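Structural overview for review
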Amino acid sequence: MSNPDMAEPITPPAGHVAEEAADDSVAPVATVGETDPAPAADSHPVKIRSRNVDVFYGDKQALFDLGIDIRARMVTALIGPSGCGKSTYIRCLNRMNDTIEIARVSGLIELDGQDIYSPDIDVVELRARVGIVFQKPNPFPKSIFENVAYGPRIHGLAAGKTDLEEIVVTSLTRAGLFEEVKDRLEDPGTGLSGGQQQRLCIARAIAVSPEVILMDEPCSALDPIATARVEELIDDLRKNYTIVIVTHSMQQAARVSQRTAMFHLGYLVEEGQTDAIFTNPTDKRTRDYITGRYG
Amino acid sequence: MASTYLALLIGFALAAYFAGARRAVALSAGNPASLHSRPAYHGFYAAILATAPGFAVLIGWWLFGGRVLDRIVGARFQVLLSAMSGPQQQAFIRDARNLAGGIVYGEPTPEKEAAAALYRSLFASTDIVLGLILAALAALGLVLALRTITARRRTRHFVERFVRGVLIACSVVAILTTIGIVLSLIFESLRFFQKVPFLDFLFGTHWSPQSAFVGAGGDGEIDAGVFGAVPLFAGTLLITLIAMLVATPIGLLAAIYLSDYASSKFRAVAKPVLEILAGVPTVVYGFFAALSVAPVIRRLGDGMGLSVSSESALAAGLVMGIMIIPFVSSLSDDIINSVPQALRDGSAGLGATKSETIRKVVLPAALPGIVSAMLLAVSRAVGELAAFALGLVLFCMTLALNVIALGVVARYRERYD
Ligand SMILES: Nc1ncnc2c1ncn2[C@@H]1O[C@H](COP(=O)(O)OP(=O)(O)O)[C@@H](O)[C@H]1O
Ligand SMILES: [Mg+2]
């Protein structure tokens, strides 16, 4: 056990301990700053485990032998220069890469110990458990209400009209948008401001009660005030959800995340507690990147 | 000869451009910032001054020159022409002009030969006069331009104003043409309704305009009773309806397959093929379809104990429906494709299946475009099929279809971005 925070999971899913022990040999990435990890291991078991993940677009390999653990109810930030494979990785986690004809994924990705690429996994169910928010807000050209009700409708989550309304209101409230739109739920979602649209997309993702929310540069199209609101929201959401966020802003990563993973040219460079990564990175590439020397 | 002048004028414009630009460069004395406008604008300035009047004269001559010559010839042969009827006069002038140009129909009479000789001499002298006028205008313009070019001359403004003027002239032409078409349609219709009572037309149930005229171009009696438009309207509507019922599901489903299900390899082949097919005039398909589909329908009808003639609305509707399928599916495919991928991703990311995404997100977003595509396809087919029918009826129907289309679009528009 080189990795003390994995040693004593108290409430792990079935078979968790055995797998943890077995994978030490295939998790070659340096981890830093794990000096006080015990509380993390208790309340933040590994939610998504990736091992030996390779991704190809046609003949071009975009991810190389990736191994990383995403912890439950924490915000994990993925950083690294453009084109290093952050989006590719995040899209593996709810199999959005399935929609790209030329993409091919191999290796192991487990959600709560269950291989999400195994044939008996239903993608529809997986995506209900692992929601995604994209870089550019993409509300459907429907009313605000219908945008949020879309997911619950296709998954049959609401028993009736009142039930559905409750889900919509709850989701909008959790996304911090309800107060701003409560009088105009029938207005088109596309009429909102960029920041509101992004929070609508987050509400839309929350509405199907996912366990994990993936966010691919959710603030890069927003102004600083809207960004601050979304960051606040992310901090709030981490109590109930596991969050993976791609960001190009080092400040944002430092503000919202507890763990950070640095990618470079399709490889995972290092992964660990955010404050440790930022104050004391072990890898020169990470140090150069966070000090703005390249990227 | 006029086309030679056009070529010369274009060549001269080029030369004037370079002369103007070089003059500006020379004036700037190596300091480009001292020029108000860049040398290119001085070049355009010189080219415009040197050749724009020439182009105007040339266009004016093309539009009206022929008529002036016709007048002159007509005046010279007035005695002869006054004995002829209107169409005969026109034919005489036309034949003489063609004869002068070297085109001979049949055996020309000596009078026509004489008129042709007059035409030839007129052509020769006008060519010389035109050439002289053009040359003078061009020379004057160029001299004026080179004289007036100075470093601070605001030639950029001049060129911009000229471009604006040309654009305005073009749009005036477009508008006048449209007004002309509508007016002539209205006047022709008024003449028609002088012969055929309006109510008989609107509510009459007998439509066979071919039988109204005895002999080609005859001024004979017109039987007003055969212009009842009810069958025309009802028939067109019925045919359109049947065609829509055929073309909408097939065309739309084909478009959905092509845009969202087909592999990129299949699409790379199928899409251009479909586009080529959609570009073929629908009457061409109509011809094949009428030959192959109509008999099949008749046989089917016979098999079911019904007698379906190949001219029936059912047959015509099916044929029309089939012939607009490539058009409908190609157009719908473009529209479905233009729905942003981000919307599809958003839906898929929430766990929607492909068909749910298409039904609930893609199609609603594409609906206004698809409806317009349908109406466009139908009005195109109606236009081509019923070209023999009355212009005004078609005009009104197309107008109505367009108004409906606009209304539908406004009603269902789901904006993205
Ligand atoms: N749909 C795709 N088709 C082909 N190559 C792709 C596709 N998406 C991403 N790539 C390639 O994969 C690599 C990683 O891209 P991406 O994951 O988007 O990087 P990041 O999000 O870190 O900027 C890049 O080299 C990119 O060109
Ligand atoms: Mg990216």
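Structure report, in brief. (Residues numbered from 1 in each chain as written. Chains lettered and ligands numbered in written order. Predicted model: local features only at pLDDT ≥ 70, side-chain atom pairs only at ≥ 80, totals over all residues. Heavy atoms only, no water.)

1. Looking at the interface of chain B and chain A
Tallying the contact residues gives 23 residues for chain B and 23 residues for chain A. At the boundary of chain B with chain A, total buried surface from both sides reaches about 1,800 Å², with 59% on carbon and sulfur atoms. Counting the contacts that link chain B with chain A gives 0 salt bridges. Viewed at the interface, chain A and chain B are joined by 6 residue pairs in polar contact (both at pLDDT 80 or more). At the level of elements, α13 (341–349) and α14 (354–385) of chain B are the ones that each hand at least two residues to the side of chain B that touches chain A. With 7 residues, α13 of chain B is the largest single contributor of residues to the side of chain B that touches chain A. Here the side of chain B that touches chain A is composed, by residue class, of 9 nonpolar, 8 polar and 6 charged. (Contact = heavy atoms within 4.5 Å. Buried area = accessible area lost by both parts, 1.4 Å probe. Salt bridge = Lys/Arg side-chain N within 4 Å of Asp/Glu carboxyl O. Polar contact = N/O pair within 3.5 Å; in protein donor to acceptor, adjacent residues only side chain to side chain. Helix = DSSP H or I, 4+ residues; strand = E, 2+ residues; numbered from the N terminus. Nonpolar A, V, L, I, M, F, W, Y, C, P; charged D, E, K, R; others polar.)

2. Concerning the side chain of glutamine 198 of chain A
All names here are of chain A. The topology assignment puts glutamine 198 in helix α8 (residues 194–206). Relative accessible area serves as the criterion here: at 0%, glutamine 198 is assigned to the buried category. A polar contact is formed between the side chain of glutamine 198 and the backbone oxygen of phenylalanine 134, at a distance of 2.9 Å. (Buried < 20%, exposed > 50% of the residue type's maximum accessible area, 1.4 Å probe, protein only.)

3. Quick look at the packing of aromatic side chains
One pass over the structure, following the stated rule, counts 9 aromatic pairs over all chains. Ring centres of phenylalanine 64 of chain A and tyrosine 267 of chain A lie 4.6 Å apart, and the angle between their planes is 10°; this geometry places the pair in the stacked category. With phenylalanine 64 of chain A in strand β3 (residues 60–71) and tyrosine 267 of chain A in strand β11 (residues 267–273), this pair connects stretches of sequence that are 203 residues apart. On the accessibility criterion, phenylalanine 64 of chain A (22% relative accessible area) is partly exposed. Aromatic pair tyrosine 45 of chain B and phenylalanine 158 of chain B: ring centres 5.0 Å apart, planes at 80°, arrangement edge-to-face. One end of the pair, tyrosine 45 of chain B, is in helix α2 (residues 39–76); the other, phenylalanine 158 of chain B, is in helix α6 (residues 155–195), with 113 residues separating them in the sequence. A cation sits over an aromatic face here: arginine 204 of chain A above phenylalanine 140 of chain A, 4.3 Å from the ring centre. Over the aromatic face of tyrosine 261 of chain B sits the side chain of lysine 354 of chain B, whose NZ or CZ is 5.1 Å from the ring centroid. (Phe/Tyr/Trp six-rings, centres within 6.5 Å; stacked < 30°, edge-to-face > 60°. Lys NZ or Arg CZ within 6 Å of the ring centre and 35° of its normal.)

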